[in-house]
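What follows is the residue order along each chain.
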Amino acid sequence: MMIADRLNRISESETIAMAKLGRALKAEGKDIISLSFGEPDFFTPEHIKKAAIEAIKNNFTFYTPVAGIPDLKEAIKVKFERDNQLQYNTDQIVVSTGAKNSIINAVLALVNPGDEVIIPKPFWVSYADMVYLAEGKCVFLDTRVSADYKITPEQLEAAITPKTKLFMFSSPNNPSGMVYSADELRALADVFERHPHVYILSDEIYEHINFIGRHTSIATFGTLINRTVTVNGVSKAFSMTGWRIGYIGAPKAIAYACEKLQSQFTSGTNAIAQKAAIAALLGDMKPTRDMCASFMKRRNLCFDILKTIPDMKLNMPDGAFYLFPDVSAFYGKSYNGTTIRNSQELCMYLLNEVYVVTVAGSAFGNDDCIRFSYATSEDNLVKAMNRIKDALMKLS
Ligand code: PMP
Ligand code: GLU
């Protein structure tokens, strides 16, 4: 086979594959509503676009330092102090081509073949495959919808072995919308304090899409800042998915390792987008607050319709823009000769029957569930939720 073995260890990102399928069917003229992609549907705020236009006018179009331009790193330092009470020096900050790039850098920088990486389920689609690329071993932790998909400190403690290298998680969580409280994070942090060989990757990309108040960074507890990679970016908070800016704050050795990787892979990310990111991080946060308010309204709207579906088990998401209901009660049921046996089949049933694009829970490590992204208009959401309800109620 021509393709290298390492590619057999991973699959194409399911969120991206479903979004691609939705686009193709729409282009064929089908009345598709896509709830597959985790992407805010708002435009990037004006002041951010203006900064990019200025950068182009000023010919800011050359290669940049690999880890990011100094004024962006300074802005990120200020942001970490202001929003997260985290003190990272600029030599502990690395800017990358999206948080996705930041995460794979950190995983490749930390994980040796055979190392164990603890990942609570459900997890963002790319975590496991990134670990497999690094030839690490995933140790998954199960959670239940009735416990808001949260792990317990006891579960974490029991999973740690001498081979554990890394713990990876996101809060607010993609795909469940769950947000750990400060007390819950402190309890997990206490476990890590007892196991100083474990590093933590805290993916905080949904920090500002939080419906319950203050965001807490796990690196604020005890001595954890010395072994936590705090990941963030501008994609979600500022509706800048296509600009491709992500960043980390990390211990100096890890930051340097990521910079070294990047010096061979991508070089510094897009110069113009870096200037725009400064405007995002240091500028007016009102557009972000407004987007968050819209997401909360949409969450309520979807939740109110979904909770009327008998047998669907649902948590109330406190952040991000996803719903992750447990739909396993519909497995084994049929309509028109089609029997649903798992999340993938339910996902295809919703697509074929009512033209709603979703993502199977199996992509996030939980085959009992299905993910809906509610980052689309209220009109679309009402239509989609009712279509989903109709399709599910037809199954018997
Ligand atoms: N982490 C999580 C949990 C996400 O949902 C996403 C969205 N793609 C990312 C990281 C990556 O974001 P980006 O690369 O657009 O910055
Ligand atoms: N994070 C988004 C999602 O989960 C974007 C897709 C991706 O990067 O995989 O849908």
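About the thresholds
Residues numbered from 1 in each chain as written. Chains lettered and ligands numbered in written order. Predicted model: local features only at pLDDT ≥ 70, side-chain atom pairs only at ≥ 80, totals over all residues. Heavy atoms only, no water. Buried < 20%, exposed > 50% of the residue type's maximum accessible area, 1.4 Å probe, protein only. Helix = DSSP H or I, 4+ residues; strand = E, 2+ residues; numbered from the N terminus. Pairing = 2+ DSSP bridges. Axes fitted to C-alpha atoms, helices over the stretch in contact; angles between N-to-C directions. Near = heavy atom within 4 Å. Polar contact = N/O pair within 3.5 Å; in protein donor to acceptor, adjacent residues only side chain to side chain. Areas by Shrake-Rupley, 256 points an atom, 1.4 Å probe, with all protein chains shown as cover. Nonpolar A, V, L, I, M, F, W, Y, C, P; charged D, E, K, R; others polar. Salt bridge = Lys/Arg side-chain N within 4 Å of Asp/Glu carboxyl O. Lys, Arg positive; Asp, Glu negative; His and termini not counted. 1 Å grid on protein atoms, 1.4 Å probe; cavity = no way out; pocket = protein on both sides within 12 Å on 5 of 7 lines; lining within 4 Å. Points joined across faces, edges and corners; volume = space filled by probe spheres on them.

Colleague: Would you explain the pairing of strand β5 (residues 164-170) in this entry?
Modeller: Both faces of the sheet carry side chains from a regular strand, because those side chains alternate between them. For β5, the tally of buried residues reaches six of seven residues, placing the bulk of the element in the interior. When strand β3 (residues 116-120) meets β5, the two strands line up parallel, connected through three bridges. Residue pairing across strands places E116 opposite T164, the latter belonging to β5. Alignment of β5 against strand β6 (residues 199-203), held across five bridges, turns out to be parallel. Residue S170 lies in a different strand from β6, and its bridge partner there is D203.

Colleague: Explain the sheet that holds strand β2 (residues 93-96) here, please?
Modeller: Each strand in a sheet pairs with its neighbour through backbone hydrogen bonds, running either in the same direction (parallel) or in the opposite one (antiparallel). In space, the seven strands of this open sheet follow the order β2-β8-β7-β6-β5-β3-β4, with mixed pairing throughout. The open sheet is flanked by β2 and β4 (137-141), the only strands paired with a single partner. On average, adjacent strands in this sheet sit at an angle of 20° to one another, irrespective of strand direction. Bridge count between β2 and strand β8 (residues 246-249): four bridges; the pairing is antiparallel. Among the inter-strand pairings, V95 is bridged to a residue of β8, identified as Y247.

Colleague: Would you mind showing me how to read the site of ligand 1 here?
Modeller: G98, A99, K100, I103, W124, N174, D203, I205, Y206, S235, K236 and R244 make up every residue found near ligand 1. Between ligand 1 and A99 there is a distance of 2.6 Å, counted from an oxygen atom to a backbone nitrogen or oxygen. Within the side chain of R244, a nitrogen or oxygen atom sits 2.8 Å from an oxygen atom of ligand 1. Here ligand 1 loses 93% of its free accessible area of 390 Å² to cover by the protein chains. Here the element with the most residues in the shell around ligand 1 is helix α4 (residues 99-110); it accounts for three residues. Partitioning the shell around ligand 1 into residue classes produces five nonpolar, three polar and four charged.

Colleague: What should I look at first to understand the pattern of salt bridges in this one?
Modeller: Side chains carrying opposite charge are able to pair once their charged atoms draw close together. For the coordinates displayed, the defined rule picks out 23 salt bridges. For R82, the salt bridge identified is with D83, shortest N-O distance 2.7 Å. Of the charged contacts, one joins E116 and K137 as a salt bridge, the two residues approaching to 3.9 Å between their closest N and O atoms. In this pair, E116 is assigned in strand β3 and K137 in strand β4, connecting sequence segments 21 residues apart. The class of K137 is partly exposed, set by a relative accessible area of 46%.

Colleague: How do you make sense of the side chain of R371 when you look at a structure like this?
Modeller: Take R371: it is sitting in strand β14 (residues 370-373). Look at R371: it is buried, it has no salt bridge, and the nearest opposite charge is E14 at 10 Å. Within the local environment of R371, its side chain forms a polar contact with the side chain of N174, the two groups lying 2.7 Å apart.

Colleague: I tried to follow empty space enclosed by the protein on my own but got confused; where do I start?
Modeller: To locate leftover empty space, one rolls a probe as large as a water molecule over the atoms. On inspection of all chains with the given rule, the structure shows one cavity of 30 Å³ or more. Considering only enclosed or pocket space, the largest cavity measures out at about 60 Å³ in volume. As for the largest cavity, its lining consists of 13 residues, of which P120, P122, F169, S170 and N173 are closest to the centre. In terms of residue count, β5 provides more of the lining of the largest cavity than any other element does, three residues in total. Of the residues belonging to the lining of the largest cavity, the class tally is ten nonpolar, two polar and one charged.

In short, geometric facts, not functional conclusions.
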